[in-house]
Amino acid sequence: MKPKKILVWFRNDLRLHDNEMLVEAIAKSDQILPVFIFDPRNFEITPHLSYRCGAIRAQFLLESVAALRQSFQRLGGDLLVLKGLPEVLLPELVEAYDIAEVYHHREVAAEETQVSADVEDSLWKLRINLRHFIGHTLYNKEDLPFPIKDIPDTFAQFKKKTERDAIVKACFLAPEVISFAPVENAGEIPALEEIVMPEAMGSSIQQELTGGEAKGLQHLTTLLEEGSPIYKKAIKSGAGKLGFSSMLSPWLSLGCLSPRMVYWLVKDAEDKYGTNPNFNQILLGLMWRDYFRFMLKKHGPHFFNDFALKPEHLVPEEHENLLFEQWKTGTTGNEYVDQHMKLLNTTGFLPHAARLLLSTYLIYILKIDWVKGAAYFEEKAIDHAPANNWCNWALVAGGGKKTGTDKSAVDIDKQFKLLNVTLPNSVA
Ligand SMILES: Cc1cc2nc3c(=O)[nH]c(=O)nc-3n(C[C@H](O)[C@H](O)[C@H](O)COP(=O)(O)OP(=O)(O)OC[C@H]3O[C@@H](n4cnc5c(N)ncnc54)[C@H](O)[C@@H]3O)c2cc1C
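Keep in mind it's a predicted model, so treat the numbers as computed, not measured.

Caption draft 1: How the structure looks around the pattern of salt bridges. The full count for this structure, using the stated rule, is 20 salt bridges. Notably, a salt bridge pairs R131 with E24, separated by 3.4 Å at the nearest N-O pair. Highlighted residues: R131 in strand 5 (residues 129–133) and E24 in helix 1 (residues 20–28), separated in sequence by 107 residues. With a shortest N-O distance of 3.1 Å, K159 and E163 are connected by a salt bridge. Residue K159 and its partner E163 are located together in helix 5 (residues 155–165), separated by four residues, close to a single helical turn.

Here it is as C-alpha cells:
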C-alpha cells in the first residue's frame, strides 16, 4: 500500500515546539513533506512606495528558515524550500509527491488570507483538502468565552473577560521522531539579494538579533533568568525613559516562538522569582497581540473604516513629500523622533513607547496619512506582523478610541508631553 503523505506548508510558524499542525500531520500520515515558499509578492514595492519587506526582516526570515531546515535535518529529513507563488507551486508538489492533504496555519490579515483562499481553490481542482490550523494566538478561538462576532471591541473588556473565563492551553511538545517523504532536491535557501529588492537593501544595518527557534528560546530563557545580562539590557533599552522591552517580538512574529510557550515560561519564572512589572508587561503584550488578531477576525478590513483621516487633517500634498522624507530619514529636528527613526532604520527594532512617539508625530504634527507610516514600518521593522502593525497605527490615528477605557495603551496626550511639542487643538 502506498504511504499517506501530508504536505505541511510553513509560513509564520517556523518552529517545532507547540505546533499542533505539525503534531497532527505526523499523527495522521505515514510521511510528511515540510515546505517553505518564498513568495516574491512579500518583497514587492507597495502603492505607498515602500517595500513589503526590507533587508533586516528578510535576513531574520532567512535565518529562521535555515534553523527550521536544520531542525528537520537533525531528525533525518529536510525542509523543501522553493521560490514562487504558493497557489501554483503547492498543486505541483501535490501531484509530484502524491500528497493526500495539505496543512497550514490560518492567518487574519487580508493579503495572507487571500493567498490561503487561492491555494484552497487551486488544490480543490485536484480534489485535495487544505486544512486550516490556529497556532498564532495565546487563546484558541474556540476557548474564548464568546463567539468571534461577540468579542468585545474594547481591549479592557476583552482582557477582563478572557482572563476570567478562558484558559491558556498547555504547549504541544516538539516531535522527536518524524517520518519524512523522500526528497531528492530540497532546494537552496536563497541569498538575501535574491529576495530583497535592491532599493530595499538599506545601508549601515546593525542587526543584533538572529532568527530561528533555538535563538528565540535561548533569548527567552536568558531573559527570564533573574539578573541575566539580557534582562538588564532589556530593562535599560528604549533610551532609558521609554521603559522595559523584552525584544521577543521578532521571534513571535515569525512563529519561531509560540505565544503559549512565552506565557508558560513567564509563569514558571513567576513561580521561581515572584511576579514583577516586566513579566506583567510581557503577559499584557500577549493579550494585545491576541486582541488585534481577533479584531481582524471579527471585523476583517472594516476594522480600519473608523480610522480614515479627513482631508482637512492632512498636510497639503505639495509639502507632504519633504516632511515624510524627513520623518523617514530621522531629520525632522525633533530629538526623540530623529534618534528613534535612525534606530528603526539601522536595527529594525523599537520598544513600544518609541513606536507610539513616531506614529503620533507623523499623524498629528506632520499631518501625514497614517497608512504611509504603517507601510514604512512594514518595510523596516524586524518584527512586522500585519495585525500588530496596522491595528496599532490605526489606534494611534483614532486617538486610542476603539480600545476604550485602557487609556495607558494609546495615550496621545502623554506622547505629546514626551515629544516636548505643543498639543495641537484637534487633539487637545
Ligand atoms: C505604530 C506601532 C506599530 C507596531 N508594529 C508592530 C509590529 O509590526 N509587530 C509587532 O510585533 N508589534 C508591533 N507593535 C506593538 C509593540 O510596539 C511591539 O510588539 C513591541 O514594541 C515589541 O517589543 P517587545 O517584544 O519588547 O514587547 P514587550 O512589551 O516585551 O511585549 C511582549 C510581546 O507582546 C506583544 N505586544 C506587546 N505590545 C503589543 C501591542 N501594543 N500590540 C500587539 N502586540 C504587542 C509582542 O509580541 C511583544 O513581543 C507596534 C506598535 C505601534 C504603536
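From this point, the discussion proceeds with the structure in view.
Caption draft 2: Quick look at the pairing of strand 1 (residues 5–10). A large share of strand 1 lies buried, amounting to six of its six residues. A two-sided burial pattern is seen for strand 1, the buried positions comprising K5, L7 and W9 on one face and I6, V8 and F10 on the other. Of the pairings in the sheet, the one linking strand 1 to strand 2 (residues 31–38) comprises six bridges and is parallel in character. When the bridges of strand 2 are listed, I6 appears paired with I32. Crossover handedness for the path strand 1 to helix 1 to strand 2: right-handed.

Caption draft 3: Quick look at the site of the ligand. Taken together, 29 residues sit near the ligand, with S245, S246, M247, Q281 and H352 positioned nearest. The fraction of the free accessible surface of the ligand (810 Å²) that becomes covered by protein chains is 97%. Examining the composition of the shell around the ligand, we find that seven residues originate from one element, helix 11 (residues 277–299), more than from any other. Considered class by class, the residues forming the shell around the ligand number 14 nonpolar, twelve polar and three charged.

Caption draft 4: Here's a closer look at the sheet that holds strand 5. With parallel pairing, five strands are arranged side by side in an open sheet as 3-2-1-4-5. Whereas interior strands pair on both sides, the edge strands pair on one side only; in this sheet they are strand 3 (80–83) and strand 5. The average undirected angle you get between the axes of adjacent strands in this sheet is 30°. The pairing of strand 1 with strand 4 (residues 101–105) spans three bridges and is classified as parallel.

Caption draft 5: Geometry of the layout of surface pockets. Considering only enclosed or pocket space, the second largest pocket measures out at about 730 Å³ in volume. Around the second largest pocket sit 38 residues that line it, and N12, N42, R52, R57 and E112 are the ones nearest its centre. Broken down by secondary-structure element, the contributors of at least two residues to the lining of the second largest pocket are strand 1, strand 2, helix 2 (55–74), helix 4 (110–124), helix 9 (249–253), helix 11 and helix 16 (386–397). Among the elements that line the lining of the second largest pocket, the one with the most residues is helix 4, at five residues. Split into classes, the residues belonging to the lining of the second largest pocket amount to 18 nonpolar, seven polar and 13 charged. For the lining of the second largest pocket, the two domains that each supply at least three residues are domain 1 (1–135) and domain 2 (300–419).

Caption draft 6: Structural context of the packing of helix 7 (residues 213–224) against helix 10 (residues 259–273). Two numbers describe how helix 7 lies on helix 10: the axes approach to 10 Å, and their chain directions differ by 20°. Our classification of the angle between helix 7 and helix 10 gives roughly parallel. Relative to helix 10, the crossing made by helix 7 is right-handed. Along its contact with helix 7, which presents L217, L220, T221 and L224, the element helix 10 presents M261, V262, L265, V266, A269 and Y273.

Caption draft 7: How the structure looks around empty space enclosed by the protein. In the structure shown here, the tally under the stated rule is three cavities of 30 Å³ or more. Quantified by volume, the largest cavity comes out at close to 140 Å³. Residue lining of the largest cavity: R106, E107, V108, F133, I134, G135, H136, T137, K141, R293, F294 and K297, and that is the complete set. Looking at the lining of the largest cavity element by element, the count peaks at three residues for helix 11. Counted by class, the lining of the largest cavity contains four nonpolar, three polar and five charged residues.

Caption draft 8: Expanded view of the environment of I178. Mapped onto the secondary structure, I178 falls in the loop between helix 5 and helix 6 (192–195). Spatially, the C-alpha atoms of I178 and G77 are 7.9 Å apart, while their sequence positions differ by 101 residues. When sequence neighbours within four positions are dropped, the list of residues in contact with I178 reads I26, I32, F72 and L75.

Caption draft 9: Focus on helix 3 (residues 86–97). Taking 1.5 Å per residue, twelve residues should reach 16 Å; helix 3 reaches 16 Å between its end C-alpha atoms and fits that length. Restricting attention to buried positions, one finds in helix 3 the residues P86, E87, L89, L90, P91, L93, V94 and Y97. Buried residues belonging to helix 3 abut strand 1, strand 2, strand 3, strand 4 and helix 4.

Caption draft 10: Fine view of the environment of I412. Mapping I412 onto the fold places it in helix 17 (residues 412–419). Accessibility expressed as a relative area gives 5% for I412, which makes it buried. Considering only alpha carbons, one finds I412 and Y361, 51 residues apart in sequence, at a separation of 10.0 Å.

Conventions adopted
In this numbering scheme, every chain counts its residues from 1 along its sequence in written order. In view of the model being predicted, local features appear only for residues whose pLDDT reaches at least 70, and side-chain atom pairs are presented and counted only at 80 or more, with totals across whole chains, interfaces and linings using the full set of residues. As a rule here, side-chain values come from all non-hydrogen atoms in the structure, and water together with hydrogens is ignored. Counted as salt bridges are all cases of a side-chain nitrogen of Lys or Arg within 4 Å of a carboxyl oxygen of Asp or Glu. Put simply, DSSP H or I for four residues or longer makes a helix, DSSP E for two residues or longer makes a strand, and each gets a number counted from the N terminus. Using a 1.4 Å probe on the protein chains alone, a residue whose accessible area is under 20% of its type maximum counts as buried, one over 50% counts as exposed, and one in between counts as partly exposed. Two strands pair if DSSP finds at least two bridges between them. Handedness is read with the strands pointing away from the viewer; a crossover is right-handed when the path from the first strand over the helix to the second is clockwise. Proximity is defined per residue: if any heavy atom of the residue lies within 4 Å of a molecule or strand, that residue is considered near it. Exposure was quantified through the Shrake-Rupley algorithm and a 1.4 Å probe, taking into account, for residues, occlusion by the shown protein chains and nothing else. The nonpolar class holds Ala, Val, Leu, Ile, Met, Phe, Trp, Tyr, Cys and Pro. Asp, Glu, Lys and Arg form the charged class, and all remaining residues, Gly among them, are polar. Axis lines are fitted to C-alpha atoms, over the contacting stretch for helices. Their N-to-C directions set the angle, which ranges from 0 to 180 degrees. A cavity, in this analysis, means grid points on a 1 Å lattice covering only the protein atoms where a 1.4 Å probe fits yet has no way out; a pocket is instead an open set bounded by protein on both sides within 12 Å along at least five of seven lines, and a residue lines either one if it has an atom within 4 Å of a point. Grid points are joined across faces, edges and corners, and a volume is the space filled by probe spheres set on the points. The source of the domain bounds is an automatic or database domain assignment. Here roughly perpendicular refers to angles of 65 to 115 degrees, roughly parallel to angles under 35, roughly antiparallel to angles over 145, and oblique to all remaining angles. Should the near helix be turned anticlockwise from the far one by less than a right angle, the crossing is left-handed, and should it be turned clockwise, the crossing is right-handed. We call two residues contacting when some pair of their heavy atoms lies within 4.5 Å. Helices are assigned an expected span. That span is 1.5 Å times one less than the residue count.

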